[in-house]
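# Structural characterization, general
Letter by letter, the chains look like this.
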Amino acid sequence: MAPTRRPSDGLLAKVNFPLYAVEMLTSRHVLVAGGGGSSNSGVANGFEIYEILHNGSHFVAEEVIRHETGPNVVMNFAVKNDGHRSFLVAGQESHCQLYHVNPRVVTEGEDEAELKNRSEKLENGIRRRRLSSRVEDVKESKKPNLNDVNANLKRIKFDIRAGDSVQTDFNSPEPLQRVVRISPNGKFMVTGGTDGHIRIWSFPKMFNLRDIEAHSKEIDDIDFSPDSKQLVSIAKDGNGVVWDVTGTSLQKLEWQTPQNAKYLFKRCRYGVNENKKGSFRLYTITNPLGKVGKQRGYLQMWDPNGGKLINAVGIDESLASLAVRDDGRFIAVGTMFTGSVSIYIAFSLQRVLHIPNSHSMFVTGLSFLPITNQEGPPISSDSEAAVISISVDNKVCIHSLHYRHTLPFWLAIVLIVAVLFCAFLVCSYIGL
């Protein structure tokens, strides 16, 4: 049975608009996005950036910046961090908008004055948490990057500036970009939407390189492989397809569904294979079409080169979101109806943590705190893994997995020797 969360885990922040997308901007900063759309509801659209900290007992979040996008709700986005600045590409209706996210260093005194002025706006329903002192020391570097923070004097702020915008979906009458991804090597961007086309772009110039008529219905998700040579797409036509970056179809994901029922892929993510350097795995979540409550959703692991299903675990609920940690060791899934979050060991698909009813509505996005980020040190904590979850309930939550207790190697050897010695004595006593 998977352990449940600690009481110190849970709500990090609450914004005043529904949340649809989340991703780590740096090893210490998380970016969330969403909004209420172009209606006259008065609900804002835009981004929030939070700095994640660990105060010695639990994680907390401090708001760094809020950037509103006018009438354009942000349903999906991707970020690419080159160590000195970040590129952000966001789906806004039929277009993909590029933003330049530039860091700047401010002194603690200047930061306090800025936060004091903004604290007068708390009536807007935004929850902010602050620390009275820093608890993490960051080593000084001759060449500062996005995550360098002087514990007493300096902090990182971000300026967001809009760049180019390109149309990425041409469905009639209502084009809509559903997903955007940037390749790990930073050379390509891929988009998918309601017209079923996969479009591969150069990045960051966003020049269209290839237009693939990939699916007969709208695309739900796309992801790049860790080596940037492959991508996978899933859509409402029920198909999951592995492609190379030239647009050639390599494999189709096929499996024997329970009782020959109809299933649809919901999300797809690549992950590195921690047990084999240079290789990777592919993970998907899939839900039954109709018959809600009678059939289970599945978390699946595939061989992306052969299109073969390696392992799958059933989950007694439809699934909504999926994330893989940057080292490929853990997977997180979020559910549709109960707003629950679970963490699994990637190679075995064994569940090691379950957080029931984390959100009051379905989980729209998940993102692990990174541990291999090259732009800066990860957050020090007492957790083996931690994942951030968001929902249309406006909440940003965090869920951490404690280090699991294992026997030391020397003690295991002693126990084995003791067991063998006892077995030898028993056999000698009965004359065997």
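As a reminder, the structure under discussion sits directly above these lines.
Summary of the structure given here. Please read all numbers here as calculations on a predicted model, not as lab measurements. (Residues numbered from 1 in each chain as written. Predicted model: local features only at pLDDT ≥ 70, side-chain atom pairs only at ≥ 80, totals over all residues. Heavy atoms only, no water.)

The strand order across the open sheet built from four strands is β22-β23-β24-β25, with neighbouring strands paired in antiparallel fashion. In this open sheet, the two edge strands, each paired with only one partner strand, are β22 (319-324) and β25 (350-355). Averaged over neighbouring strand pairs, the angle between their axes works out to 20 degrees when direction is ignored. In this structure, strand β23 (residues 330-335) lies alongside strand β24 (residues 341-345), joined through five bridges in antiparallel fashion. The residue bridging Gly-334 from the neighbouring strand is Val-341, located in β24. (Pairing = 2+ DSSP bridges. Helix = DSSP H or I, 4+ residues; strand = E, 2+ residues; numbered from the N terminus. Axes fitted to C-alpha atoms, helices over the stretch in contact; angles between N-to-C directions.)

This part covers the sheet that holds strand β18 (residues 263-272). One open sheet accounts for four strands, arranged β18-β19-β20-β21; its pairing is antiparallel. Each end of this open sheet is capped by a strand with a single partner; those strands are β18 and β21 (308-315). The sheet shows a mean angle of 20 degrees between the axes of neighbouring strands, taken without regard to direction. Sheet topology note: the strand β19 (residues 280-288)/strand β20 (residues 297-303) ladder contains five bridges and is antiparallel. Opposite Ile-285, over in β20, you have Leu-299 as the bridge partner.

Our focus in this paragraph is the environment of Val-387. As for its placement among the helices and strands, Val-387 is situated in strand β27 (residues 383-391). Sequence separation between Val-387 and His-399 is 12 residues; the distance between their C-alpha atoms is 5.4 Å. Here Val-387 is in contact with Ala-332, Val-341, Ile-343, Leu-366, Ser-367, Phe-368, Cys-397, Ile-398 and His-399, once residues within four sequence places are set aside. (Contact = heavy atoms within 4.5 Å.)

What the rule picks out here adds up to eight aromatic pairs. Their ring planes at 85 degrees and their centres at 5.6 Å tell us that Phe-87 and Phe-203 sit as a pair that is edge-to-face. Of this pair, Phe-87 sits in strand β7 (residues 86-92) while Phe-203 sits in the loop between β12 (197-202) and β13 (208-213), placing them 116 residues apart in sequence. Owing to a relative accessible area of 8%, Phe-87 belongs among the buried residues under this scheme. In this structure an aromatic cluster arises from ring pairing among Phe-47, Phe-77 and Tyr-99. (Phe/Tyr/Trp six-rings, centres within 6.5 Å; stacked < 30°, edge-to-face > 60°. Buried < 20%, exposed > 50% of the residue type's maximum accessible area, 1.4 Å probe, protein only.)

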